[in-house]
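Structural characterization, general
Take a look at the letters that make up each chain.
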Amino acid sequence: MNGSGRLAGWMFVAPALLVIAVFFVLPVLAALALSVTDFDIYALADRRNLRFVGLGNYLALLANPLFWKALGNTLYFVVIGVPLSIAVSLAAALLLHSRLGRFKPFFRTAFFAPVVTTVVAVAVIWRYLFHTRYGLVNWALSGIGFDPIDWLGDPHWAMPTIILFAVWKNFGYNMIIFLSGLQSIPEDLYEAARIDGASAWRQFRHVTLPMLGPVLLLVGILTMAGYFQLFAEPYVMTQGGPLESTVSVLYLMYEQGFKWWNLGTASAVAFMLFVLMAGITSGLLWFARRRGAE
Amino acid sequence: MNHRLAAAIVNGLLIGLAILSLAPLLWMLSVSLMQPGEASAFPPPLWPKAPTLANYRELFERAGMGRYLLNSFVIASATTLLSLLFNVMAGYAFAKLQFAGREKIFAALLGALVIPGQVAMMPLFLMLKQIGLVNTYAGAIVPGMAGIFGIFLIRQYARTLPDELLEAARIDGAGEFRIFWQIVLPALKPILVTLAIFSFLGSWNDFMWPLIVLTDGHLHTLPVALASLSREHVQDNEMMMAGSVVTVLPVLFVFLSLQRYYLQGLLLGSVKG
């Protein structure tokens, strides 16, 4: 390619790179700087009130019970929510892939519809569905003899309700990825398994799952990254309550940063979340590579 | 017989799952048409006794829903148009134009995908406050003007364009920008539609950043307005459902009319480069 072509390449990427550099890379670096200062509402008013505190914010967070609570809640949401979501997605994909199913385009669209909806709007619906007195869920449960449950008002039930909501909202996304993974498994593998007399379960266990391995890893990592960013659901459904049982890490970051204007602390919270996510992701990749190598 | 039983189970499960998926959305629609107060009853009514648009009227006349709808449309449309232009140019260049450092920059961009966007929010807020963009449409639009995922998506697709097509145009003496407008853009049309849907839905549904940067009520987007309404009107279930319908209906409509493009893009975006 000639010289003008090289220049053209740069001119084509320049606008996007500029936007990403100014509005993403620079703020990320600035957040690192911010996290070692005591930036608060006084510094917001006058920058001369800003002081360097080293790792002070991080150490204060590690000594703060609410931070641990938020971390615990977020991990609860991720550890239960991600496998549950993936299981439902895979089950839905298997149903859609089955030759016995009918009206598949309709079902596919129906399962996917919650994915495109707005979290805030459907969270409002769920808050009402799970209303202690007037909700459809308690009404249905009362029909089979259960006492009403205070879903979003009981610290033991609030997070499970949010997990159910997240599964309902998101399973369609991974379902589409699994479906295309299933369609790319060669039919003769199943043929061979059937000739060997393998049952449907054994076919799933020894053909489907291994063939889906790389897809499962990808879906697992993407879903986990998404679930660590839990925010809108507790903001709308529970406002972090009851008894702080649904305060997530990002909810804590938002409250620290934009309710109390402790932007230094909020940046430290964001970085801790980032380090945690990066650590778990590379752990998963390492685990997958080791299993793949065996 | 065994086969028919299996078919019944599969179809039964499909129907059950479809009911679970759609019931909350259908109930939302039904409750939004009820008289104020009608839904606060036990057992919860499934259908409105006398369907009414009173909740919608209340929302648009008193709660300023028209304004929020407009805000959402302006912000989502502007973000979509700008990000489409920038991402497509960059994605095409990463796929088809040679320039120094191309592979390294692209690898760095992919690496940056692991950083959650919220890390940037605190300094971004301070920065936009400094230049006077907090509480403006621009403040909500500007950070979304380019995205790594969008660039990646376009690059994946643009790599399949035949080089001969571009070379032939170059030999005919066409400049790079003319090639881009007259040959590349038309050839990329399907993926442009896909990326436009992704951007529009993403921007429309976005919550945290608009919540932070649009503190003035007049500028609230639908999700932000709905969240604050739902905190004020905890008891007005019918009105809140109407608000949810107004928020969700446009994106559901976009998805239903263009779902082929959307699902195709979802797969392209999740395949490893």
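Scroll up to find the structure this text is about.
Note that this is a predicted model, so its numbers are computed, not measured. (Residues numbered from 1 in each chain as written. Chains lettered and ligands numbered in written order. Predicted model: local features only at pLDDT ≥ 70, side-chain atom pairs only at ≥ 80, totals over all residues.)

From N to C terminus, chain A includes 13 helices and zero strands. Moving toward the C terminus, one meets the helices and strands of chain A in the order α-α-α-α-α-α-α-α-α-α-α-α-α. Its C-alpha atoms give chain A principal-axis dimensions of about 75 × 75 × 40 Å. Within chain A, buried positions represent 41% of all 294 residues. (Helix = DSSP H or I, 4+ residues; strand = E, 2+ residues; numbered from the N terminus. Buried ≥ 20, exposed ≤ 12 C-beta atoms within 10 Å, placed from the backbone.)

Turning our attention to the overall build of chain B. Helices and strands together make up the secondary structure of chain B, namely 14 helices and zero strands. Helices and strands appear in chain B in the N-to-C order α-α-α-α-α-α-α-α-α-α-α-α-α-α. Over its C-alpha atoms chain B spans a radius of gyration of 23 Å, topping by over 25% the 19 Å that the globule rule assigns to 273 residues. When the backbone C-alpha atoms are referred to their principal axes, chain B occupies close to 75 × 70 × 35 Å. Residue burial in chain B is summarised as follows: out of 273 residues, 45% are buried. In chain B, 76% of the contacts between residues at least 6 apart in sequence involve partners at least 24 apart. (Rg over C-alpha atoms; globule rule 2.2 N^0.38 Å. Contact = placed C-beta atoms within 7 Å.)

As a further point, take the interface of chain B and chain A. Facing 74 residues of chain B, the contacting portion of chain A comprises 72 residues. Residues of the side of chain B that touches chain A, tallied by class, amount to 59 nonpolar, 13 polar and two charged. (Nonpolar A, V, L, I, M, F, W, Y, C, P; charged D, E, K, R; others polar.)

Relative to each other, helix H5 (residues 104-116) of chain A and helix H1 (residues 2-32) of chain B sit at 40°, their axes nearing to 9 Å. The orientation of H5(A) relative to H1(B) falls into the category oblique. For H5(A) against H1(B), the interelement crossing comes out left-handed. Side by side, H5(A) and H1(B) meet where A:Phe107, A:Ala110, A:Phe111, A:Ala113 and A:Pro114 of the first sit next to B:Leu14, B:Leu17, B:Ala18, B:Ser21, B:Leu22 and B:Leu25 of the second. Its residues placed into classes, the contact of H5(A) with H1(B) shows 10 nonpolar, one polar and no charged. (Axes fitted to C-alpha atoms, helices over the stretch in contact; angles between N-to-C directions. Parallel < 35°, antiparallel > 145°, perpendicular 65-115°, else oblique. Left-handed = near helix turned anticlockwise from the far one by under 90°.)

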